[in-house]
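Topology and contacts: notes
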Amino acid sequence: MDTGDSSEESPIQAKKGKSKTPRKPKASALKQKSPAEFFAENKNIAGFDNPGKSLYTTVRELVENALDSAESIAELPFVEVTIEEINKSKFNSMIGLIDRERVDEALYGDFETDKAREKRLAKEARFQEIQAKNVALGKKVKEQTSAKTIKGRGEASFYRVTCKDNGRGMPHDDIPNMFGRVLSGTKYGLKQTRGKFGLGAKMALIWSKMSTGLPIEISSSMKNQSYTSFCRLDIDIHRNIPHIHVHEKRDDKEQWHGAEIQVVIEGNWTTYRSKILHYMRQMAVITPYAQFMFRFVSDTSDKNVSIRFARRTDVMPAVPLETKYHPSAVDLLLIKRLIGETTKQNLLQFLQHEFVNIGKSHAERLIGEMGTDFSPKTPVKSLTPQQIVRMHQLFRQAKFDDPSGDCLSPAGEYNLRLGIIKELHPDMVATYTASAQVFEGHPFIVEAGVSLGGKDVKQGLNIFRFANRIPLLFEQGADVVTRTAMKRINWNSYKINQTQDKIGVFVSIVSTKIPFKGTGKEYIGDDISEIATAVKTSIKQCCTQLKSKIVKKIQAREQQERKRNLIKYIGDATGAIYEILKESSQLHAKKKRLEIKDEDAEILQKVSSRIITKEILSEKLAQHVEHVDYEMAMEYATQSGVREEPRENIYIQALEPQKNFIDLHSPVIVFRLFV
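Everything in this summary refers to the structure shown in the same document. Note that this is a predicted model, so its numbers are computed, not measured.

Rules behind the numbers
- Residues numbered from 1 in each chain as written.
- Predicted model: local features only at pLDDT ≥ 70, side-chain atom pairs only at ≥ 80, totals over all residues.
- Heavy atoms only, no water.
- Helix = DSSP H or I, 4+ residues; strand = E, 2+ residues; numbered from the N terminus.
- Buried < 20%, exposed > 50% of the residue type's maximum accessible area, 1.4 Å probe, protein only.
- Contact = heavy atoms within 4.5 Å.
- Areas by Shrake-Rupley, 256 points an atom, 1.4 Å probe, with all protein chains shown as cover.
- Patch = residues over 30% accessible without salt bridge, like charges linked within 9 Å, V, L, I, M, F, W, Y side chains within 5 Å.
- Salt bridge = Lys/Arg side-chain N within 4 Å of Asp/Glu carboxyl O.
- Pairing = 2+ DSSP bridges.
- Axes fitted to C-alpha atoms, helices over the stretch in contact; angles between N-to-C directions.
- Core = buried A, V, L, I, M, F, W, Y, C linked by side-chain atoms within 4.5 Å.
- Parallel < 35°, antiparallel > 145°, perpendicular 65-115°, else oblique.
- Left-handed = near helix turned anticlockwise from the far one by under 90°.

**Some thoughts on the overall build of the chain**
Across its full length, the chain holds 18 helices and 18 strands. For the chain, buried positions account for 41% of its 675 residues. Intrachain contacts of the chain at a sequence separation of at least 6 include 74% that bridge at least 24 residues. Accessible area for the chain stands at about 40000 Å²; split by element, carbon and sulfur atoms hold 50% of it.

**Quick look at a nonpolar patch on the surface**
A grouping of Ile 662, Leu 664, Phe 671 and Leu 673 is seen on the molecular surface, where their side chains present a nonpolar patch of about 370 Å² in accessible area. In this structure, Leu 673 sits in strand E18 (residues 670–674). We classify Leu 673 as partly exposed; its relative accessible area is 40%.

**Quick notes on the environment of Ile 577**
Mapped onto the elements, Ile 577 comes out in helix H16 (residues 570–590). Among the residues examined, Ile 577 registers a relative accessible area of 37% and is labelled partly exposed. When the C-alpha positions of Ile 577 and Ser 618 are compared, they lie 9.9 Å apart, and in sequence the two are 41 residues distant.

**Points about the pattern of salt bridges**
Scanning the model with the defined rule gives 25 salt bridges in all. Close ionic contact of Asp 234 with Lys 209 constitutes a salt bridge, the shortest N to O distance being 3.5 Å. Residue Asp 234 is found in strand E4 (residues 227–236), and its partner Lys 209 is found in helix H7 (residues 201–211); the two are separated by 25 residues along the sequence. Looking at Asp 234, the relative accessible area reads 6%, which means it is buried. Lys 209 sits in the partly exposed class, given a relative accessible area of 33%. Put simply, Glu 217 and Arg 232 hold a salt bridge, and the shortest N to O gap is 2.9 Å. Residue Glu 217 is found in strand E3 (residues 216–221), and its partner Arg 232 is found in strand E4; the two are separated by 15 residues along the sequence.

**Section: the pairing of strand E11 (residues 442–452)**
Every other side chain in a regular strand lies on the same face of the sheet, so the side chains alternate between the two faces. The element E11 is extensively covered by neighbouring structure, given that 11 of its 11 residues are classed as buried. What you see with E11 is no split at all: His 442, Phe 444, Val 446, Ala 448, Val 450 and Leu 452 on one side and Pro 443, Ile 445, Glu 447, Gly 449 and Ser 451 on the other are buried throughout. Two strands pair when backbone bridges link them, and strand E9 (residues 428–433) and E11 are joined in this way by 6 bridges, in the antiparallel orientation. What sits directly across from Thr 431, in E11, is Gly 449. With 3 bridges connecting them, strand E10 (residues 437–439) and E11 associate as antiparallel partners. Each bridged residue has a counterpart across the sheet, and for Phe 439 the counterpart in E11 is His 442. What sits between E10 and E11 in their antiparallel hairpin is a turn of 2 residues, with Glu 440 showing a positive phi close to 50 degrees. Direction of pairing for E11 relative to strand E14 (residues 502–511): antiparallel, over a ladder of 9 bridges. If you follow Val 446 over to E14, its bridge partner there is Ile 509.

**Regarding the sheet that holds strand E1 (residues 78–86)**
Adjacent strands of a sheet pair through backbone hydrogen bonds, lying either parallel or antiparallel. Across the sheet, 8 strands lie side by side as E5-E4-E3-E6-E2-E1-E7-E8; this open sheet has mixed pairing. Looking at the sheet topology across the chains shown, the edges are occupied by strand E5 (241–251) and strand E8 (305–309). For this sheet the average axis-to-axis angle between neighbouring strands, irrespective of direction, equals 15 degrees. Judged from the 7 bridges that link them, E1 and strand E2 (residues 157–164) form a sheet pairing that is antiparallel. Bridging from a neighbouring strand, Glu 84 pairs with Arg 160 of E2. Packing against the sheet, helix H8 (residues 269–286) makes contact with E1, E2, strand E6 (258–267), strand E7 (291–297) and E8, and its axis sits at approximately 170 degrees to E7.

**Here's the deal with the nonpolar core**
Val 63, Ile 83, Phe 179, Trp 269, Phe 292 and Phe 294 are the most contacted members of the largest nonpolar core, which has 66 residues in total. The element contributing the most residues to this core is H8, with 10 residues. Those residues in contact with Phe 179, other than ones at most four positions away along the chain, are Met 170, Ala 201, Lys 202, Leu 205, Ile 216, Ile 218, Leu 233 and Ile 261.

**A word on the packing of helix H3 (residues 51–71) against H8**
Viewed as axis vectors pointing N to C, H3 and H8 meet at an angle of 20 degrees, and their least axial separation amounts to 8 Å. Taken as axis vectors, H3 and H8 run roughly parallel relative to one another. Considering how the two elements wind past one another, H3 and H8 form a crossing that is right-handed. Residue-level contacts link Gly 52, Lys 53, Leu 55, Tyr 56, Val 59, Arg 60, Val 63, Glu 64 and Leu 67 of H3 to Trp 269, Thr 271, Tyr 272, Lys 275, Ile 276, Tyr 279, Met 280 and Met 283 of H8.

If you want it as structure tokens, here you go:
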């Protein structure tokens, strides 16, 4: 028996021994990702799930930036959006790529073998034969099922999206960083903002980089600026810095101010056409003071779209104000950041000036409650981590006044009502704005509108949701507005048929912090009782207004029905009455058994001498019905506060800038006084 080490092994033994040897894992190196790289890999978070949604989100981001820019300088917004379809040949020429014919057909996903083609044609022939038999027998004809989709993404579609506005414009030197550096911008801070992530057009540029490789083009000019800034750039995703191709100043001959952004991306207009048009229409509802011009341009003229959403008022909401944090809404990390950024020296000044609703006496009481380690003159920069935790614990337990809603900028009941009337043309509409309320230390305001009837409105509930004055189109079923309207409102008690009537439910929520749910931030959760209660109350207030209108409308309809019935039987009643009068006049003439008053005798005499005829009696009865109807209508108008003259919608036209005026607001009207 050989106990020494064997110098040779059989191939089988060597293979066995190799398979049992565990692999050593490679040492993992520490890696970092830039913000741009993170969003490029997780683009669905920002609403770029697929080419179609990416086209929609690009339009949305550009439109909302344009509105913010115009409103920031109190300019009535005028926004032009153009989507141009680019075919494959044109796209290839744009990037300098020569079209190439296919060489190996079997390599492509749409390749069909001879056997597969024969099978498909035979199946289509059998289907046509069955269809012909069904037609001959008078049976229902079935639609042919569509062919199976080709595996893979298939042929890509490209679009040039252009958005032009009349807003503030951008400083020349800031343009590269505003578009080419993710998580940099001017909208950060505690205030009501339209944006969800603070990405804006940056994500559109990232998607353009991923799908087409083409740069974004920006033209911008500010008021009283003699030049227009032009910049062509893309983004270095790995380093999160702009890659500038062209950045120059050009003559501004038109004295234009605003921005024009142009980007070429992969998209899908066919599947997201309705979503984009619905978005533009709902944006016109919530911003009736803006004018939108939307165009879709294609080589196929039948696909072209051109829609103008006209401005119907020049009353704009106030610009949202930046506010300070409420003590109950801060966490440890935020307190540390505020301490690091504050210019105040001691703890008393820090509490007074960095938070809302903390006055001097309240701050002194809080400091006394924190313990002996704290004093009003304690240097705020010298607070230890333990002391900061103590401060945070007290903030969570102490009682503070609720923040006011002065920093918020709702659309306004006047604008909401006007937007609904402008876009939907309903038979009746009611609006309501609730007072400011608070959740988790953040103020919020709920505005609601309910309409009945209108054009392009389906039967049943049509729900329109807005958050910080932007439409929410996706994930509607889980939203607090949808659940409230469908499950918590007894529509029948307000004389409204939930399934038969055309009901429009509009709810707009504005806040310094919108509690979105889900990664895409497309709906507001139903788990915050303060918001759910406010939404329910606002909708019910609108329904109460509508109920009184509906009851009066029902009464007016019943009155019209009574009038129609009276008119319907005037002929028969006239004939019967006239025959009685005729017979009575004959008996009276013969002086048989008639004892009547002088005025009655005079009437019978007129009948006998044919001064009163059947036609005259019919005319008098019709006049009496009209007189009674007029009196009832006047009584109804008096009770409802409506004058006799018919009313028409009046839209205030835009005024010249040099005219001075003062606006006096009420829920349904704005009175303009010129000074």
